[in-house]
Each structure stands twice: as C-alpha cells, then as structure tokens.
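# Examination of the molecular architecture
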Protein chains: 2
Amino acid sequence: MTERIRDFLHDRRRAGLDDGPVLVVDLEVVRENYEKFARALPDTRVFYAVKANPEPKLLKLLAELGSCFDTASVAEIRMALEAGATPERVSFGNTIKKERDIARALELGVRLFAVDCEAEVEKIARAKALTATDAVRVFCRILCDGAGAEWPLSRKFGCMPEMAVEVLEHAHRVGLEAYGVSFHVGSQQPNTEAWDGALASSSRIFGELAERGIHLSMVNLGGGFPTKYLKDVPAVEAYGDSIFRALSKHFGNRLPETIIEPGRGMVGNAGIIESEVVLVSQKSHAEEEVRWVYLDIGKFGGLAETMDESIRYDIRTERDAERRIPCVLAGPTCDSADVMYEKTPYWLPVSLAIGDRVLIEGTGAYTATYSSVAFNGLPPLATHVI
Amino acid sequence: MTERIRDFLHDRRRAGLDDGPVLVVDLEVVRENYEKFARALPDTRVFYAVKANPEPKLLKLLAELGSCFDTASVAEIRMALEAGATPERVSFGNTIKKERDIARALELGVRLFAVDCEAEVEKIARAKALTATDAVRVFCRILCDGAGAEWPLSRKFGCMPEMAVEVLEHAHRVGLEAYGVSFHVGSQQPNTEAWDGALASSSRIFGELAERGIHLSMVNLGGGFPTKYLKDVPAVEAYGDSIFRALSKHFGNRLPETIIEPGRGMVGNAGIIESEVVLVSQKSHAEEEVRWVYLDIGKFGGLAETMDESIRYDIRTERDAERRIPCVLAGPTCDSADVMYEKTPYWLPVSLAIGDRVLIEGTGAYTATYSSVAFNGLPPLATHVI
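Residues numbered from 1 in each chain as written. Chains lettered and ligands numbered in written order. Predicted model: local features only at pLDDT ≥ 70, side-chain atom pairs only at ≥ 80, totals over all residues.

Screw-axis analysis of chain A against chain B gives a translation of 0.0 Å along the axis, an RMSD of 0.0 Å, and a rotation angle of 180 degrees. In short, the pair behaves as if placed about a two-fold rotation axis. Mapped onto chain B, 100% of the interface residues of chain A again fall at the interface, so both copies present the same surface. (Least-squares fit on C-alpha atoms with pLDDT ≥ 70 in both. Contact = placed C-beta atoms within 7 Å.)

Put into structure tokens, the structure is as follows:
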C-alpha cells in the first residue's frame, strides 16, 4: 500500500464514489520496478508484457522510460504504438496468430514475431510477401518445464528444442531472419536458477544452427519474475545475477543479445484492489462449520488467478490486529465456481463484518483485463491509474 | 444447428464480417424450450435465470411468452424490467446482496428475495424500513448435494435445512413474509430424480414452521435442467414427471406453489459459436506427441465452463466424415491456462487445417457474459440474436 493509493481511496470514499470494487495502480511503483529491471539486467532490453495490464497511462510511462513491448494481439500492438513506442520496440509475442493479423502487424511496422512451429513460419512468410515487407525477424519458443513456478505453464507454447532447430532453419529458408530463441520459465517463478536449463538448450540451438550457417542473435528470457503475494520473493537483482551467470556458463564470452518480458514483475505490486465485504455467514451452527466471507469481487470480476487457489493474495482489513479465524472466501456472483479460497481457507479477523473494506494487495497484473464483461450483470473491474 | 443460424453465418461470411468468433442465438429454439417447460410443469412458474444469457431480444421474447425472471444483480433487474416484465415477475435470486442494492431493488418494485442466513434477512428488513415498502417476501435457500451434476455446485449458496427454519422464522419476526424454500440440484443435472431429497427437506421445513404458526407458500425448484452437449440428456417431460411425483410424495395433496429457474435448459441449445482454427501444430516429431489445435476462442473469450474440462461441447467441422485423431484444444491467448481439453483430448478430423471454421454447439448459455473484457487485447464474444 502506497501513500498515493491510500489518499486516492480516501478521497474516493469521501466523494461517495466507492460503490463497487476498484483497482488503483500507482505509477511511481511501476517506475521503480522498471528501474530495478534495467539495473539488474543492464544489457537486456525490457519488453513489458502488455497483457499483464494495458492501461494507457501505464504504457505511456513505460514508453517514456524506454521500455519495449511484448504484445499478444493487433489491439495490443496499437496500444503500444499509441503510448509512444516505435514499431521496432514492439514484438508480436503470441505464437498463435491469424495470418491476417500478422499482415496487419507488418503494416503497422512490427518486425519481430514469435513462432513455435513451421505452420506459423509459413503464415509469416506469406504475410511478408503479401505486404512486400523486408527484414522480418522470428524467434522460436521452446518448451521449458517451469518446475517450481506458482502458476506453472502448460505445454501450450513452444516446441521441443530439436524441433526449434528445424523451425528456425525453415524460417531462414523461406526468407525470414532466424533471429533467436525464447522460453518462459513459468509465471511467478520463485527459483532464480530456473533459467539455467533453458539457456543450456538455447545455447545448443545456437550451436546447431551455426553449423548450418545460420547465426542466431537473441535469447528472449521471457517473464516469470514474481511479485510479492503472501510469501516473500527474491529481489530482481538475484534474478539478474543468476541469469547473467547462466548466460556466461552456456554462451561463454559470446553473449547473445537478450530481452526479458516482465508483466507481473512490472505491475503486480503497483496495484491494489479495494473491495467490500457483502456477507459473512455460516451454513449451520455445527462447531466444525467454517465461516464464509463474500466480497464484491471474485473469480469473474478480476481475480481469475485464484483459479485452483494458485495465487494467494495478501488481503488487508482494518481489523488485522485481532484474532483471525479460517474463512472460505467467495465472490458475489450466482456462480458456485466463484469461490476463491476454500481448500486452504483464508485467515481473516474474527470480527470482520458486512460493509468492511478489504484491500487486496499485489493486484496490478492479470486482474482488470481478466474480468468478465458483464457476468451476473456486474460491471468489469474499474481501474484508476495514479 | 438450425437453418436460421446456418443462413445467418453464411450471409456473415459472404459479407466478409467473419473476423473473430461469434455467438448466434436462435429465438425460435428459445420459444420451443419455453413452451416445453410450460407444458412439462404446467403448475409451475418459470423464472428464467437471466445470468445464463441476458441479451435484450431474448429477454423480450421470454417476457412476451409470460416468463418471470430470476436476477443476480440490480443491473439484471433493470434488464428484465426493460424487456417488459412487471416487478412482480422478478425475483432477486442472489443470496449475496449489498444492502443498498436491496433498497434499489425495492425501489424498482421487486418484492421477492433469496436469503440463506439471518444477516441477509436483516439487510432486507432494514432496506424495507428505509424504503417504507410493505409485503416483502423471502425464500431461504438450502444446501443440496447436487450429486451427479456435471457442474456440481459448491457449498457456496444455501444453509443446512435446520438453519433454514431459523432464518425463515427470523424473517417472519422482523416483518418479512417467510415465503418459501429454494434449492439447486446442480447445473446440467442428468438425474431426473435429483429433486427428491431436497423436496423431502423442504417439506420438513414447511412442517416445522407450520408448527410455529408460520405458513410457507412456495418451493423454488431452482435450475439444473440440462442442455445437450456431447451426451444425450433426458427430455424436459421426464423432469416434469419426476418432480411432480416427488412433490406429491412429500407434500401429499397440499402442493405448494412452485417455480423453476432454468438458464442453461432455456438457452443452451439455442446458441452456436462459430470459431476459426488459428493454428494446428505438434511439439515434436515423437510418435506419442499429440496434435494441438488452437481456436480463436478459449477459456477467456467465452468458454469459461471448459474449466476443469467440466463441460464438453459438441464441436462440428466441415471434415467430420474423415478419420479423427485426439487433439488438445486450446484458446488464442498468451495464457498457459487457456487450454480447453487436454486431460481428455478431443477427437477432431485428421485434416483439420488453419483457417477452417468450427461450430461449437450448445453455447447459448454461460458464454458471452463470461468472456473477459479485453484479455490479451481480444474483444469479448460478439452475440447476434436472430
């Protein structure tokens, strides 16, 4: 909680505007985060993962600070450009793109694309021919087991390293620049050493392609940099040190160009959601019966990452000095799946009451844009960037 | 697939408007569904669960047909009223309501409210006093194990039957009309007998309160009526018969007033999503490697109910006559959780190709309003009601 957010919420309540949950993002925290990344990985370009939070003011600040942008769609490319980024600072990082969206991206000036199979390479080559673009760079995403991450990635993105060699060779063959390799160690990755294995694979891919006369330039180190929820997480510097050691170990003194794609690590701790307790109840008088606390925000209003109780947010109330008891925490919709913490109940003050405000910390990333458009007639989460 | 939807999609494609997934809802199917419910349960009022799909044209048709409306929020109450329902035909069926929203509902003329604890009764009593309303009816939701439902409900809503007696007695004491009991047997309930146990509990609650001089009037039988996905489901008539038998068994010849709250059963089979294959790929050349098929719609674009692979939609392609192979089916976002069917892969035609259109059947309910507001910059699912 920053003083600026506290003042904002205070003014909002005094003005009687506090009906409904709100996300407040403090740009000063984002600025600090950006500077920490820049210092911790001085030779690495930062591509902010726009999907984490695409608020225009936030993108504008990052563009001013010199950030580049990792985008997932043509709409996100446009947002990055509108925020002031030049097209060279934008990567189309989604491995799943419609061919006509690739053409649109090329028309907007974007020249860096993610792929993980030959079919995607083909699309880019065709779109390049169609739009008469030259010098289009592709990097191939490889699978990475993400062991240890709190939000482990599936096998959805990337291919096996052996296949990446073929994909990049194919890209070279059809007239694209085989530019590099990317991977993702898993979101909210607490293990600073998690990059080592994927960098070893990357180095082998560089080597195998070099033998075929294709010289890759870049390793995209992805995201995975955590933000603090309930547990403490290592500092960005520790990630920087560990990544630099792994790069040196696997690439020797011929270090590749590197980029990172922080999203959660850039904006997670810059945002706080204020929510209201709508109901506190029990299902029976039985002694073992747990208390249920219902907030005016839930899984469908922005807290989608509580899915499977993966992310456990730090929740603050005005009664935190009191004794706490285990509670099931649920959202306000008529949907039985809209329960945030039940398998591992959440400890909340015994006197927490209907109408109390609670602050959900570390909610700057992957909240507002996840919220449903109008489920149960409830409006999506409002965001204020200050 | 109805002829009307086929024609609509055909015209849309000819007009070149088919960039992005779309949900098309056929009102003729909704009309048939409503009539089936009305015939199968002739003495039961239908309260359509607005949250299933709140499209204005759909609500208007149902209002014209005589349907009442089960609403989850003040916004949904307004939608029902705008569609032409009078306030007596609207129930505020969410057990989790802000007191100021209860007051707003009372001001809009709504007089029927769901509760499942004394704290919620208190809120309604206070809002009633504040708005000087008389004759406010409450029904208490009881827990029901929902055994057998494909989308089993959690313990989020309802209280134990013993407690319901106290809650309703409390409502009576504070000047509300203790009107009845509600329960929900679980969404997409294939067991037509599932209502029996909850009706036994309801009858006991009626009896216990009658002994205290409080005479309940209504049993809200909830929803749970299934729509056809991959598996066949019993006809509405079978549910009607079974429910009538259970009512007679537990209430004898003093049958209470009854209402049902179909949502999925009313609109599920009226809607079809047309989506596009964005990518087909494999992660390696290994023989055991499964094929991945990526659509332009996924968990965050409207198919949230594929969560935990609960709902398995029937997916049609133009190549269905061909040999099928198991595929992982995933959405278009840069989110590793956006995978719909992986644990139990989905069998799709071996020649399914990038750019192919697929039809996802039975998607009229719980899709468009679930879709995220702008995750990955992708727009929410567009709906056309025809």
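Glancing now at the pairing of strand β5 (residues 112-115) of chain A. All names here are of chain A. Residues Leu112 and Ala114 line one face of β5 and the alternating positions Phe113 and Val115 line the opposite face, and both faces are buried. As paired strands, strand β4 (residues 90-92) and β5 are joined by two bridges and run parallel to one another. Note on β5: the bridge partner recorded for Phe92 is Phe113. For the crossover from β4 across helix α5 (residues 99-107) to β5, the handedness is right-handed. Remark: the β5/helix α6 (residues 118-131)/strand β6 (residues 137-141) crossover connection has right-handed handedness. (Buried ≥ 20, exposed ≤ 12 C-beta atoms within 10 Å, placed from the backbone. Helix = DSSP H or I, 4+ residues; strand = E, 2+ residues; numbered from the N terminus. Pairing = 2+ DSSP bridges. Right-handed = clockwise from strand over helix to strand, strands pointing away.)

Looking at chain A as a whole, its pLDDT mean stands at 95, while 98% of the residues score no less than 70. For this predicted complex, the interface score ipTM comes out at 0.95, alongside a pTM of 0.95. (pLDDT = per-residue confidence, 0-100.)

All names here are of chain A. Once the domains are mapped, chain A shows domain 1 (3-22 + 269-385) and domain 2 (93-262). On a C-alpha basis, the centres of domain 1 and domain 2 stand 36 Å from each other. Domain 1 puts nine residues into the contact, and the matching count from domain 2 is six residues. When the residues that make up the side of domain 1 that touches domain 2 are grouped by side-chain class, the tally is three nonpolar, three polar and three charged. (Domains from an automatic or database assignment. Nonpolar A, V, L, I, M, F, W, Y, C, P; charged D, E, K, R; others polar.)

Time to look at the interface of chain A and chain B. Counting from both sides, the interface comprises 55 residues of chain A and, opposite them, 55 residues of chain B. Looking at the side of chain A that touches chain B element by element, the count peaks at four residues for strand β10 (residues 271-282) of chain A. A breakdown of the residues in the side of chain A that touches chain B according to their chemical character gives 31 nonpolar, 14 polar and 10 charged.

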